[in-house]
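# A closer look at the structure
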Amino acid sequence: MTHTAKTLTAALLLLLLLTAPGHAADPENTLYLDLDSGRVVIETRPDLAPAHVARIKELVRAGFYDGVVFHRVIEGFMAQTGDPTGTGRGGSGQTLRAEFSREPFVRGTVGMARSQSEHSGDSQFFICFAPASYLDGQYTVWGKVTSGMEFVDRISKGQGSSGMVRNPDRIIRMQVAADVAAK
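Position labels on residues start from 1 in each chain and follow its written sequence. Owing to the predicted nature of the model, reporting of local features is limited to residues with pLDDT of at least 70; listing and counting of side-chain atom pairs is limited to 80 or more, with chain, interface and lining totals taken over all residues. Working from all heavy atoms in the structure, the side-chain values ignore hydrogens and water.

What follows covers the environment of Thr 44. The topology assignment puts Thr 44 in strand β2 (residues 38-44). Accessibility here uses a 1.4 Å probe with only protein chains present; expressed as a share of the type maximum, an area under 20% marks a residue as buried, one over 50% as exposed, and anything in between as partly exposed. With relative accessibility at 7%, the residue Thr 44 sits in the buried group. Linking Thr 44 and Thr 30, residues 14 residues apart in sequence, is a C-alpha distance of 5.9 Å. Here a residue-residue contact requires only that any non-hydrogen atoms of the pair lie within 4.5 Å. Beyond its immediate chain neighbours, meaning those up to four positions away, Thr 44 contacts Asn 29, Leu 31, Val 53, Trp 142 and Gly 143. Runs of H or I in DSSP of at least four residues are treated as helices and runs of E of at least two as strands, each being numbered from the N terminus.

With that out of the way, let us pick up empty space enclosed by the protein. Here a cavity is any set of points on a 1 Å grid over the protein atoms alone where a 1.4 Å probe fits but cannot get out, and a pocket is any open set with protein on both sides within 12 Å along at least 5 of 7 lines; a residue lines the site when it has an atom within 4 Å of a point. Grid points are joined across faces, edges and corners, and a volume is the space filled by probe spheres set on the points. Counted by the stated rule, this structure contains one cavity of 30 Å³ or more. Roughly 40 Å³ of internal volume is contained in the largest cavity. By the convention adopted, Pro, Cys, Tyr, Trp, Phe, Met, Ile, Leu, Val and Ala count as nonpolar, Lys, Arg, Asp and Glu as charged, and the other residues, Gly among them, as polar. Residues of the lining of the largest cavity, tallied by class, amount to five nonpolar, three polar and two charged.

With that out of the way, let us pick up the packing of aromatic side chains. Note on aromatic contacts: the rings of Phe and Tyr and the six-membered ring of Trp form a pair at centre separations within 6.5 Å, being stacked when their planes are under 30 degrees apart, edge-to-face when over 60 apart, and tilted otherwise. If you walk through the whole model with that rule in mind, you get six aromatic pairs. Ring geometry for Phe 105 and Phe 126: centres 5.7 Å apart, planes at 20 degrees, overall stacked. One end of the pair, Phe 105, is in the loop between β4 (78-81) and β5 (109-112); the other, Phe 126, is in strand β6 (residues 125-128), with 21 residues separating them in the sequence. A relative accessible area of 1% places Phe 105 in the buried class. Residue classification places Phe 126 among the buried residues on the basis of a relative accessible area of 5%. One aromatic cluster in this structure is built from Phe 64, Tyr 65, Phe 125 and Trp 142. Over a ring means this: the NZ of a Lys or the CZ of an Arg is within 6 Å of the ring centre and within 35 degrees of the ring normal. Positioned over the ring face of Tyr 32 is Arg 39, at 4.1 Å from the centre of the ring.

Below is the structure:
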């Protein structure tokens, strides 16, 4: 094998390793969201929403999301979590200023839930099951599912237009990948 072929082979192997499912490209900006059905890997987007990513990681590191339910799940739209009360009205008590961007809401996009006020995002977030262009520029995009979307698809769906779930699935554990690698 020539030197060029060896170099090319090594580069391809490295690329395959770095893009393998579950591999954290940037462990400090990768979250592991563990569900009963499996692990969901979320790459955060500090380039789009630095304050949101910093706050989410702070809450993750404090164990805030561990055991929290997916209280609102609408088939074909999204699964929402992050309310420790499970009612859809709770949060961490610290709201964030909106960080809107041109990033589109597509399947696997992770966005910050909010009330009528743009600057009311707190701890609740949602994962899109499908494109939702009507949210573009109106909600903060702070991440994207890069692996495990099949597990998100299995989250118990809610009833009616509210999407409130009677027997909701829970986040088993949520971790920053860098913290897992450090152990």
